[in-house]
Amino acid sequence: MDMAISDYDPSKPSLWESEDNRDKTVALWKRLAERYVNEPWVGGYDLLNETNWNMSGNIPLRDLYYEITDSIRAVDNNHIIFIEGNWFANDFTNLTPPWDDNIVYSPHKYWSVNDQASIQWVINIREQHNVPIYFGETGENSNVWFRDAVNLFDEHNMGWAWWPMKKIDDIAGPLAITKSDDYNTLLEYWSGNGTQPSAAFAKATLMQLTEDLKLENCKYQRDVVDGLFRQTTTDEAIPFTTSHNVPGVIYATDFDLGPNGSAYLDNEVANYLVTTGSFTAWNNGWSYRNDGVDIEKSIDNVNSNGHNVGWLGAGEWMKYDITPDETAVYSVEMRVAANGTDGKFHFRVDGSEVTPITSVPTTGGWQNWQTITVPNVILNENDSKFEFHVNADGFNLSSFEFIETGSTTSIPTQFVSAFTVDESTVQLNLNKTLASPIPASPSGFQLFVNNSSIPITDAVLNPDNPRIITFTVDHSFRSSEDVRISYTGSGVDATDGTDLTNFSLQVVRNTISIVSPVPGRVEAEDFFEQTGISLENTTDVGGGQNIGFLDPGDFLDYYIDVDQTATYTVDYRTAAESEMGAVQMQLIDNNGGVTILHDITFPSTGGWQDWTTTSTTALLPEGQQQIRIVITEPLFNINWFEFTFLTSTEELTQVKDFKLYPNPSNGIFEIQADLEENQKATIEVYNVLGKRVFVRNLEPSVKINENFDLEHLGSGTFFLKMSLENGAFANKKISILSKD
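These remarks concern the structure in this document.

Calculation notes
Residues numbered from 1 in each chain as written. Predicted model: local features only at pLDDT ≥ 70, side-chain atom pairs only at ≥ 80, totals over all residues. Heavy atoms only, no water. Salt bridge = Lys/Arg side-chain N within 4 Å of Asp/Glu carboxyl O. Buried < 20%, exposed > 50% of the residue type's maximum accessible area, 1.4 Å probe, protein only. Pairing = 2+ DSSP bridges. Helix = DSSP H or I, 4+ residues; strand = E, 2+ residues; numbered from the N terminus. Contact = heavy atoms within 4.5 Å. Axes fitted to C-alpha atoms, helices over the stretch in contact; angles between N-to-C directions. Patch = residues over 30% accessible without salt bridge, like charges linked within 9 Å, V, L, I, M, F, W, Y side chains within 5 Å. Areas by Shrake-Rupley, 256 points an atom, 1.4 Å probe, with all protein chains shown as cover. Lys, Arg positive; Asp, Glu negative; His and termini not counted. Charge placed at Lys NZ, Arg CZ, Asp CG, Glu CD. Expected span 1.5 Å × (residues − 1). Polar contact = N/O pair within 3.5 Å; in protein donor to acceptor, adjacent residues only side chain to side chain. Phe/Tyr/Trp six-rings, centres within 6.5 Å; stacked < 30°, edge-to-face > 60°. Lys NZ or Arg CZ within 6 Å of the ring centre and 35° of its normal.

1. Some remarks on the pattern of salt bridges
Pairing is possible between side chains that carry opposite charge, provided their charged atoms lie close to one another. In this structure the tally under the stated criterion is 23 salt bridges. Across the pair Glu 353 and Arg 348 runs a salt bridge, and its minimum N-O distance is 3.1 Å. Looking at Glu 353, the relative accessible area reads 1%, which means it is buried. Since its relative accessible area comes to 19%, Arg 348 is described here as buried. A salt bridge links Glu 706 to Arg 696, with the nearest nitrogen and oxygen atoms 3.6 Å apart. Owing to a relative accessible area of 27%, Glu 706 belongs among the partly exposed residues under this scheme. Judged by relative accessible area, which is 30%, Arg 696 ranks as partly exposed. Within this structure, Asp 256, Asp 321 and Lys 385 form a network of salt bridges that share partners.

2. Side note on the sheet that holds strand E5 (residues 134-139)
On the basis of which strands lie adjacent, the open sheet formed by three strands has the order E4-E5-E6 and parallel pairing. At either margin of the open sheet sits one strand with a lone partner, and together these are strand E4 (108-109) and strand E6 (159-163). Pairing of E5 with E6, which is carried by four bridges, proceeds in the parallel orientation. Paired with Phe 135 across the strands is Trp 160, a residue of E6. Relative to E6, helix H6 (residues 143-155) is tilted by about 160 degrees, and along the sheet it contacts E4, E5 and E6.

3. Digging into the environment of Phe 503
Structurally, Phe 503 can be placed in strand E30 (residues 503-508). For Phe 503, a relative accessible area of 7% puts it in the buried group. Taking the C-alpha atoms as reference, Phe 503 lies 7.1 Å from Phe 415; in sequence the two are 88 residues apart. Setting aside anything within four residues of it in sequence, one finds Phe 503 in contact with Phe 415, Leu 428, Phe 445, Ile 485, Ser 486 and Tyr 487.

4. Remarks on a negative patch on the surface
Together, Glu 19, Asp 20, Asp 23, Glu 67 and Asp 70 make up a region of like negative charge exposed at the surface. Among the secondary structure elements, those contributing two or more residues to the negative patch are helix H2 (19-36) and helix H3 (59-73). Sort the elements by how many residues they give to the negative patch and H2 lands first, with three residues. The residue Glu 19 is located in helix H2 in this model.

5. Some details on the sheet that holds strand E8 (residues 175-177)
One open sheet holds the three strands; their spatial order is E7-E8-E9, and the pairing between them is mixed. Lying at the two open borders of the sheet, with one neighbouring strand each, are strand E7 (166-168) and strand E9 (219-220). As judged from the two bridges shared by E8 and E9, these two strands associate in the antiparallel manner. Bridged to Ala 176 within E9 is Lys 219.

6. Thoughts on H3
Its 15 residues place the ends of H3 21 Å apart at the C-alpha level, agreeing with the 21 Å of an ideal helix rising 1.5 Å per residue. Taken residue by residue, H3 has Leu 61, Leu 64, Tyr 65, Ile 68, Thr 69, Ser 71, Ile 72 and Arg 73 as its buried positions.

7. Examining the side chain of Lys 432
Within the secondary structure, Lys 432 is located in the loop between strand E24 (425-430) and strand E25 (445-449). On the basis of relative accessibility, which here comes to 3%, the residue Lys 432 falls in the buried class. A polar atom in the side chain of Lys 432 sits 2.8 Å from the side chain of Asp 496. Once residues within four sequence positions are removed from consideration, Lys 432 is found in contact with Ile 378, Thr 408, Thr 409, Ile 411, Pro 412, Thr 413, Pro 466, Arg 467, Ala 494, Asp 496 and Thr 498.

8. A few points about the packing of aromatic side chains
Summed over all chains, the structure comprises 42 aromatic pairs. Between Phe 82 and Tyr 134, the ring centres sit 5.5 Å apart and the planes meet at 50 degrees, which makes this aromatic pair tilted. Note that Phe 82 is positioned in strand E2 (residues 80-83) and Tyr 134 in strand E5, a separation of 52 residues in sequence. When its relative accessible area of 13% is taken as the criterion, Phe 82 is described as buried. Between Phe 602 and Phe 636 the ring centres are 5.3 Å apart and the planes differ by 55 degrees, which places this aromatic pair in the tilted class. Here Phe 602, found in strand E39 (residues 594-602), pairs with Phe 636, found in the loop between strand E41 (623-633) and strand E42 (637-648); they are 34 residues apart in sequence, far enough to count as distant. In terms of burial, Phe 602 and Phe 636 fall into one category: buried. Linked through ring pairs, Tyr 320, Phe 345, Phe 347, Phe 386, Phe 388, Phe 395, Phe 400 and Phe 402 together constitute an aromatic cluster. Between Arg 521 and the ring centre of Trp 640, over which it is positioned, the NZ or CZ distance is 3.7 Å.

9. Brief notes about the environment of Thr 327
Within the secondary structure layout, Thr 327 lies in the loop between strand E15 (317-324) and strand E16 (328-337). The spacing of Thr 327 and Asn 380 is 53 residues in sequence and 4.0 Å in space, taken between C-alpha atoms. When sequence neighbours within four positions are dropped, the list of residues in contact with Thr 327 reads Leu 379, Asn 380, Glu 381 and Thr 408. At 3.0 Å, the side chain of Thr 327 forms a polar contact with the backbone nitrogen of Glu 381.

10. Observations regarding the side chain of His 244
In this fold, His 244 is placed in strand E10 (residues 244-246). Apart from residues lying up to four places away in sequence, His 244 is in contact with Ile 250, Asp 254, Tyr 320, Asp 321, Ile 322 and Thr 323.

Next up, the structure:
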């Protein structure tokens, strides 16, 4: 049972403890069928919702379903009968094959990743028994999850119903009911934290709640509906309400509607608890919107809508649809609150950086609001998308106010920023749009790498945003190089007639992914891709940053350049207040294939900045490689990990004549291998989070022929690794199908 949803009372017989109650249920369904047999607006009958009861093979559930079906069909052969499994509707053991010609199986899906593997067991039921599938409940997640789930269901031609349609004081439904103070008084009493109200008060409060539940009195949450429908067919970002007029105030929370990566970019965008084993809050403030951006209620009393954006992370951004009245210079007055001085940001317009990176001062608290001014922002009347980018976290944001300060001729045409686009391209951002094309080999522009000039082979003025010049160079940038740009010429004019001002040796942000040499140290912050982590300053020797706030399933990807094929000692520098953490290091090939290099557990150290070093080994092939650090146990920090040469190896030795079949299977696998010499072998199985879920040690032999029963792991995708004493190994991705 699940008392939270079933109100199970051990002092009273449940459905499964009372034959009388089961007979009443059968009779009730017959009466309902008699009432609705000719109603075309009734889709069907969902017999029991989310049964949760320990019962042998679901036999009592099946038998009750048989009885109810017979009672319904005695009076109604028209309507669908929806069948849910046991344990939150998803255990269909002995509930197949269907016993009626008009049955639909109705599982539920919550908090798991949205890929085919997550519903493969349902696909198998449909294909094996030729029965329709209708996900009768799903939801309770972010708009990102909603979009992905709907696309998954549609891709596989499965019906779905969202839960709930309405909820009190919640962001995750199409409609929301405002929680009244009186209703909160009732909740406080029911939870044991308040005094008992009068019966009249309780009745009046609940009757008002009933009134508030009416459709016309609910809050329509357009972002949820947009995520469920429009976003499933397009990545386009559109205005949250209407386009923001400039001059004017833009609330930080009113960024565009659209998918993550289109209308905004956030590091935590959905909850995958069922898959990862760890809950993730996609909106830490649980207010205003259901997107990945973190929004909370605010006490700011200047240019505020009562909410602010918080928990900002480096690399995150938000996009706003704007309509400038005219081409002009604007100052942007921002409302910020910060506990420290680490925060940094910049603005972009239609893909061009229009301000340098700006620091946020401390205001003395997360709700101590202060106005800071970003001057000399030039907007053109045809500009449409304004973007706010976070360069370093540590502040909250409430609003932007655009104030026109003069014509564009009042300030010079000048350098704003530059960065590498790829290994041979640089983007230069200017504060104004230019008037004419740039010569293919523009005199006056120079690019330097480590103080040496490099040839410019092409220069193109962006036709969609002429603030941008893109340079192609005869050079391949590396992550370690210092790149600079200068302009000492003339004749490059802005549309307002002013000349581009000369500039010398301005920094070009080198965005080329860091490739760390091996042997050598890899700083934890030098990843090129990650999910779920945050950076913070470290007090460890050498300073810099460490990664933290880690959850199972979070990962970081790195490029390394291995000097020679060999076994290396790998030292991890970690800190943890009280818990033991763990990671798995994986080698990722060009096709996305995974080779598990090692698993390692880290001790608690007594503090988040009390550091220690833990060692293991890894066998690495020569050349540039991609490695992935997967978090398998949480609550620790990593500052760096370091590779030291241990022993040379001619090649990464694969087990010869390794065979595994059937794959996929229902959980029973057979492994065969012929070995060159008598030796021990170890079989390990890991889940998609990198956690080892099965291990077996085999006695020394020259021939392996073993059966493994992995059915207890449940359906899904896993990684199997066989390791021999001599260092040879075999890796295989395996799939376990649902037993139904």
